[in-house]
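A closer look at the structure
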Amino acid sequence: MYTVWIKKAEDLAQEFFKDDASGHDVFHTMRVRSQAVSIAKEEKADVKLCELAALLHDVSDEKFHFTQSAGKEYLNEWMVTQNIPSDIRNKLQQIIESVSFKGGNGKQTETLEAGVVQDADRLDAIGAVGIARCFMYAGFHRSPMHHPEQQPRYNLTEQEYRDNSASAVTHFYEKLLTVKDMMNTPTGRRRAEKRHKRLENFLDEFYSEWSGTS
Ligand code: ADP
Ligand code: NI
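Procedures and definitions
- Residues numbered from 1 in each chain as written.
- Chains lettered and ligands numbered in written order.
- Predicted model: local features only at pLDDT ≥ 70, side-chain atom pairs only at ≥ 80, totals over all residues.
- Heavy atoms only, no water.
- Helix = DSSP H or I, 4+ residues; strand = E, 2+ residues; numbered from the N terminus.
- Rg over C-alpha atoms; globule rule 2.2 N^0.38 Å.
- Buried < 20%, exposed > 50% of the residue type's maximum accessible area, 1.4 Å probe, protein only.
- Contact = heavy atoms within 4.5 Å.
- Areas by Shrake-Rupley, 256 points an atom, 1.4 Å probe, with all protein chains shown as cover.
- Lys, Arg positive; Asp, Glu negative; His and termini not counted.
- Charge placed at Lys NZ, Arg CZ, Asp CG, Glu CD.
- Donors = N, O, S within 2.8 Å, 3.2 Å for Na, K, Ca; no water.
- Tetrahedral: all angles 85-135°; square planar, octahedral: opposite > 155°, others 65-115°.
- Core = buried A, V, L, I, M, F, W, Y, C linked by side-chain atoms within 4.5 Å.
- Axes fitted to C-alpha atoms, helices over the stretch in contact; angles between N-to-C directions.
- Parallel < 35°, antiparallel > 145°, perpendicular 65-115°, else oblique.
- Left-handed = near helix turned anticlockwise from the far one by under 90°.
- Nonpolar A, V, L, I, M, F, W, Y, C, P; charged D, E, K, R; others polar.
- Near = heavy atom within 4 Å.
- Polar contact = N/O pair within 3.5 Å; in protein donor to acceptor, adjacent residues only side chain to side chain.
- Patch = residues over 30% accessible without salt bridge, like charges linked within 9 Å, V, L, I, M, F, W, Y side chains within 5 Å.
- Salt bridge = Lys/Arg side-chain N within 4 Å of Asp/Glu carboxyl O.
- Expected span 1.5 Å × (residues − 1).

1. Regarding the overall build of the chain
When you go through the chain residue by residue, the secondary structure sums to 10 helices and 0 strands. Here the C-alpha radius of gyration of the chain, 18 Å, is about what a compact globule of 214 residues would show, namely 17 Å. Judged by the C-alpha coordinates and their principal axes, the chain covers about 60 × 35 × 30 Å. Within the chain, buried positions represent 48% of all 214 residues. Long-range contacts, defined here as pairs at least 24 residues apart, represent 64% of the contacts in the chain between residues at least 6 apart. Accessible surface, the chain as shown: approximately 11,200 Å² in total, 52% of it carbon and sulfur. Where the 28 positive side-chain charges of the chain centre and where its 33 negative ones centre are 4 Å apart.

2. A word on the coordination of the nickel ion (ligand 2)
Around the nickel ion (ligand 2), the protein supplies His-28 (NE2), His-57 (NE2), Asp-58 (OD) and Asp-121 (OD) as donor atoms, at distances of 2.1 to 2.4 Å. Note that the nickel ion (ligand 2) binds 4 donor atoms; their angles at the metal cover 81 to 168°, and the shape is irregular. Here the donor residues of the nickel ion (ligand 2) are spaced in sequence according to H-x28-H-D-x62-D. On the criterion of sequence distance, the pair formed by His-28 in helix H2 (residues 26–43) and Asp-121 in helix H6 (residues 112–123) is long-range, its members being 93 residues apart. No difference in accessibility class separates His-28 from Asp-121, as the two residues are buried.

3. Topic: the nonpolar core
Leu-52, Leu-56, Ile-84, Leu-92 and Phe-172 are the most contacted members of the largest nonpolar core, which totals 51 residues. Among the elements that take part in this core, helix H3 (residues 47–56) stands out by supplying 7 residues, more than any other. Discounting residues that sit within four places of it in the chain, Leu-92 has contacts with Leu-49, Leu-52, Ala-53, Leu-56, Met-79 and Ile-84.

4. Considerations on the packing of H2 against H6
Two elements in contact, H2 and H6, have axes separated by 8 Å at closest approach and are oriented at 135°. Relative to H6, the element H2 lies oblique. Considering only the axes of H2 and H6, their crossing is right-handed. For the pair H2 and H6, the contacting residues are His-28, Val-32, Gln-35, Ala-36, Ile-39, Ala-40 and Glu-43 in the first and Leu-112, Val-116, Val-117, Asp-119, Ala-120, Asp-121 and Leu-123 in the second. Each residue belonging to the contact of H2 with H6 can be placed in one class, and the counts come to 9 nonpolar, 2 polar and 3 charged.

5. Side note on the site of ligand 1
The full set close to ligand 1 counts 14 residues, and His-24, Lys-63, Tyr-137, Tyr-161 and His-171 are the nearest of them. Between ligand 1 and Arg-133 there is a distance of 3.3 Å, counted from an oxygen atom to a side-chain nitrogen or oxygen. In terms of residue count, helix H7 (residues 127–140) provides more of the shell around ligand 1 than any other element does, 3 residues in total. Each residue belonging to the shell around ligand 1 can be placed in one class, and the counts come to 5 nonpolar, 3 polar and 6 charged.

6. Re a negative patch on the surface
Taken together, the side chains of Glu-200, Asp-204, Glu-205 and Glu-209 make up a negatively charged region of the molecular surface. With respect to the helices, strands and loops of the structure, Asp-204 is situated in helix H10 (residues 186–210).

7. Some words on the pattern of salt bridges
By the definition in use, this model includes 13 salt bridges. The salt bridge involving Asp-124 is made with Arg-31; its shortest N-O contact spans 2.7 Å. Note that Asp-124 is positioned in the loop between H6 and H7 and Arg-31 in helix H2, a separation of 93 residues in sequence. The salt bridge involving Asp-61 is made with Lys-63; its shortest N-O contact spans 3.2 Å. Classification of Asp-61 as buried rests on a relative accessible area of 8%. Using a relative accessible area of 34% as the deciding quantity, one classes Lys-63 as partly exposed.

8. Comments concerning the side chain of Thr-185
Structurally, Thr-185 is set in the loop between helix H9 (168–174) and H10. At 2.9 Å, the side chain of Thr-185 forms a polar contact with the backbone nitrogen of Gly-188. Other than its neighbours up to four places away in sequence, Thr-185 contacts Ile-39, Glu-43, Leu-112, Gly-115, Val-116 and Asp-119.

9. Considering H10
Count 3.6 residues to each turn of an α-helix, and residues three or four apart come out pointing the same way. For H10, which comprises 25 residues, the first-to-last C-alpha distance of 36 Å matches the rise-based estimate of 36 Å (1.5 Å per residue) to within 8%. Residues of H10 that are buried include every one of Thr-187, Gly-188, Ala-192, Arg-195, His-196, Leu-199, Leu-203 and Phe-206, and no others. Buried-residue contacts for H10 involve H2, H6, H7 and H9. Following H10 by one or two positions, Gly-212 has its phi on the positive side, about 80°.

Shown next as structure tokens:
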């Protein structure tokens, strides 16, 4: 049955994210899916459950609905329509609810599968792809790419995280550089270390070009 649900979830994600230019286009979902499958295999987690959860992970996100419960209800109705049994529906909800970053205030993951999918989503926020998403997001929200006097804020509330006042470079300090220490699985952690170095290298080069010294 997973094969059918996975195909249907792919169609849902295609439709749901078709007009997004804010960093959550459908390719984000597809990258999280392949990353989740790859980590799940290494970590000996339930691969199909992780794959399905990854495909659905942003569909119920609060930011695409009026309220958190509306998002949850939307996902639940879709799962019921697909005849997904209640035990699997509950597992999917549990994974998906613990994935989102929410300014660092997200839930601690409680199962291996939730850890895998959260790691996959977080990896997509760092490294080369994460840098590209960060600048796209800043452009979309008309934030500057860099403001030399802006100080990063730490321990943000979810509201502060969402207020879009940070420049793209400030966002590195408020989120991207913190991601590697929040990984759940050994595989995720290893991959995050590599991507973290790419962030650091990028910043070094950015600052040296900004100041006119290279
Ligand atoms: P998630 O779905 O993981 O909660 P977000 O909606 O917080 O992700 O962010 C989507 C993408 O936009 C991520 O790559 C994130 O790092 C980036 N982003 C979020 N806030 C900002 C910001 N203020 N400036 C630049 N990029 C941002
Ligand atoms: Ni995501």
